Amino acid sequence: MLTLETDRLTLRPWEPEDADFAFDLYSRWEVQRFIGAVPQVMEGRPQAVERIRIWRNMQHPVHAVWAVQLKATGQLAGTLLLKPIPASAASLPLHPSGDTEIGWHFHPDHWGCGYASEAASAVLEYAFASGLTKVVAVTAPANVASQKVCGRIGMRHAGQTSEYYNSLCELFVVTAP
Ligand SMILES: CC(C)(COP(=O)(O)OP(=O)(O)OC[C@H]1O[C@@H](n2cnc3c(N)ncnc32)[C@H](O)[C@@H]1OP(=O)(O)O)[C@@H](O)C(=O)NCCC(=O)NCCS
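Summarised in this report is the structure supplied together with it.

Thresholds applied
- Residues numbered from 1 in each chain as written.
- Predicted model: local features only at pLDDT ≥ 70, side-chain atom pairs only at ≥ 80, totals over all residues.
- Heavy atoms only, no water.
- Salt bridge = Lys/Arg side-chain N within 4 Å of Asp/Glu carboxyl O.
- Helix = DSSP H or I, 4+ residues; strand = E, 2+ residues; numbered from the N terminus.
- Buried < 20%, exposed > 50% of the residue type's maximum accessible area, 1.4 Å probe, protein only.
- Near = heavy atom within 4 Å.
- Polar contact = N/O pair within 3.5 Å; in protein donor to acceptor, adjacent residues only side chain to side chain.
- Nonpolar A, V, L, I, M, F, W, Y, C, P; charged D, E, K, R; others polar.
- Axes fitted to C-alpha atoms, helices over the stretch in contact; angles between N-to-C directions.
- Parallel < 35°, antiparallel > 145°, perpendicular 65-115°, else oblique.
- Contact = heavy atoms within 4.5 Å.
- Pairing = 2+ DSSP bridges.
- 1 Å grid on protein atoms, 1.4 Å probe; cavity = no way out; pocket = protein on both sides within 12 Å on 5 of 7 lines; lining within 4 Å.
- Points joined across faces, edges and corners; volume = space filled by probe spheres on them.
- Core = buried A, V, L, I, M, F, W, Y, C linked by side-chain atoms within 4.5 Å.
- Phe/Tyr/Trp six-rings, centres within 6.5 Å; stacked < 30°, edge-to-face > 60°.

1. Some thoughts on the pattern of salt bridges
Point 1. This model, assessed by the stated rule, comprises ten salt bridges.
Point 2. The partner of E118 in a salt bridge is R8, with the nearest N and O atoms 2.7 Å apart. A residue pair is termed long-range when its members are at least 10 positions apart, and E118 in helix 4 (residues 115-129) and R8 in the loop between strand 1 (4-5) and strand 2 (9-13) qualify at 110 residues.
Point 3. Classification of E118 by relative accessible area gives buried; the value is 18%.
Point 4. Between E101 and K83 there is a salt bridge, with the nearest N and O atoms lying 2.7 Å from each other. On the criterion of sequence distance, the pair formed by E101 in strand 5 (residues 96-106) and K83 in strand 4 (residues 76-86) is long-range, its members being 18 residues apart.
Point 5. For E101, a relative accessible area of 7% gives the class buried.
Point 6. Each of the salt bridges in this network shares a partner with another, and the network as a whole consists of D24, R28 and E30.

Here is the structure:
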């Protein structure tokens with residue numbers, strides 16, 4: 001998995017030592033409230049350890065989940081994801097739709113600094129340089145902060161869709177330049 005650099009950020013693989021930060025991030029309702037058909041927060045550190053284990057085992061030439069680290073302080077700020085997006089279906093588990101989604105989850109201590117957009121721009125550039133031709137993002141209709149990130153990184157709003165995650169979402173799309 002490739003480490004990506006921007007002016008202020010390093011996007012690098014998640015490490016087992018990052019579990020405290022991951023638990024702090026994903027145990028917060030303000031982070032999780034718009035994520036998933038039924039939002040849930042992490043309730044114990046072992047869930048963070050398991051999440052990191054799964055992310056580290058993603059074996060794919062392009063898809064990845066990065067820990068976003070501030071160059072200035074070394075602090076972790078959030079997560080950037082580039083991964084298959086599941087299609088809606090009547091029965092669980094959901095299966096990949098064939099599309100690739102980009103996503104971002106940042107710690108509230110690091111909102112309002114442009115870090116999510118800076119990191120996401122680098123991941124889009126990497127995605128297209130790696131041969132992907134289209135990337136989508138979906139947000140809950142009320143998740144205005146995330147919709148703004150989509151706009152800042154050049155994604156086009158394509159209306160609402162129920163095509164993914166068994167949820168009604170705002171859909172954003174960008175194609176390779
Ligand atoms: C979605 C989320 C990542 C957005 O974070 P964010 O910090 O608002 O997004 P950006 O990185 O684009 O930062 C832009 C903000 O930083 C400000 N900013 C400050 N310094 C900046 C700089 N140097 N460059 C750019 N923007 C800067 C901008 O003005 C903007 O603030 P505004 O929206 O109040 O105008 C964050 O709210 C989050 O993690 N939410 C929880 C998880 C979630 O919902 N994820 C998405 C699921 S679909």
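After presenting the structure, the write-up continues.
2. Considering the site of the ligand
Point 1. Not every one of the 21 residues close to the ligand is listed here, only the nearest: W104, F106, G112, S117 and R152.
Point 2. In the model, an oxygen atom of the ligand is placed 3.1 Å from a nitrogen or oxygen of the G114 main chain.
Point 3. S117 places a side-chain nitrogen or oxygen 2.4 Å from an oxygen atom of the ligand.
Point 4. Of all the elements in the fold, those that place two or more residues in the shell around the ligand are strand 5, helix 4, strand 6 (134-139) and helix 5 (144-152).
Point 5. Across the shell around the ligand, the residue classes break down as eleven nonpolar, seven polar and three charged.

3. Brief notes about the packing of helix 1 (residues 19-26) against helix 3 (residues 45-56)
Point 1. Closest axis-to-axis distance for the helix 1/helix 3 pair is 8 Å, and the angle between their directions is 110°. It follows from the interaxial angle that helix 1 and helix 3 lie roughly perpendicular. In this structure, helix 1 uses A19, D20, A22, F23 and Y26 to contact helix 3, whose residues at the interface are R45, A48, V49, R51, I52 and W55.

4. A look at the pairing of strand 6
Point 1. For strand 6, the tally of buried residues reaches five of six residues, placing the bulk of the element in the interior.
Point 2. Relative to strand 8 (residues 169-175), strand 6 is paired through six bridges, and the arrangement is antiparallel. Counted as the bridge partner of V136 is V173 from strand 8.

5. As for the layout of surface pockets
Point 1. The volume enclosed by the second largest pocket comes to roughly 180 Å³.
Point 2. Considering the residues around the second largest pocket, the lining is formed by 15 residues, among which M1, W55, R56, M58 and A64 are closest to the centre.
Point 3. For the lining of the second largest pocket, the secondary structure elements donating two or more residues are helix 3 and strand 3 (64-70).

6. A look at the nonpolar core
Point 1. Counting residues in each nonpolar core, the largest one holds 32 residues, and the members touching the most others are L80, L82, I102, W104, V135 and M155.
Point 2. A per-element tally of this core places helix 4 first, with nine residues.
Point 3. Counting 15 residues, the second-largest nonpolar core is a separate cluster that includes F21, V31, V65 and A67.

7. Regarding the packing of aromatic side chains
Point 1. Applying the stated criterion across every chain, the model contains four aromatic pairs.
Point 2. When the centroid spacing of 5.3 Å and the interplanar angle of 40° are considered together, the rings of W14 and W55 count as tilted. Here W14, found in the loop between strand 2 and helix 1, pairs with W55, found in helix 3; they are 41 residues apart in sequence, far enough to count as distant. Of the two residues, W14 and W55, neither departs from the other in class, the shared state being buried.
Point 3. Considering the side-chain rings of Y26 and W55, the 6.0 Å spacing of their centres and the 65° angle between planes classify their relative orientation as edge-to-face.

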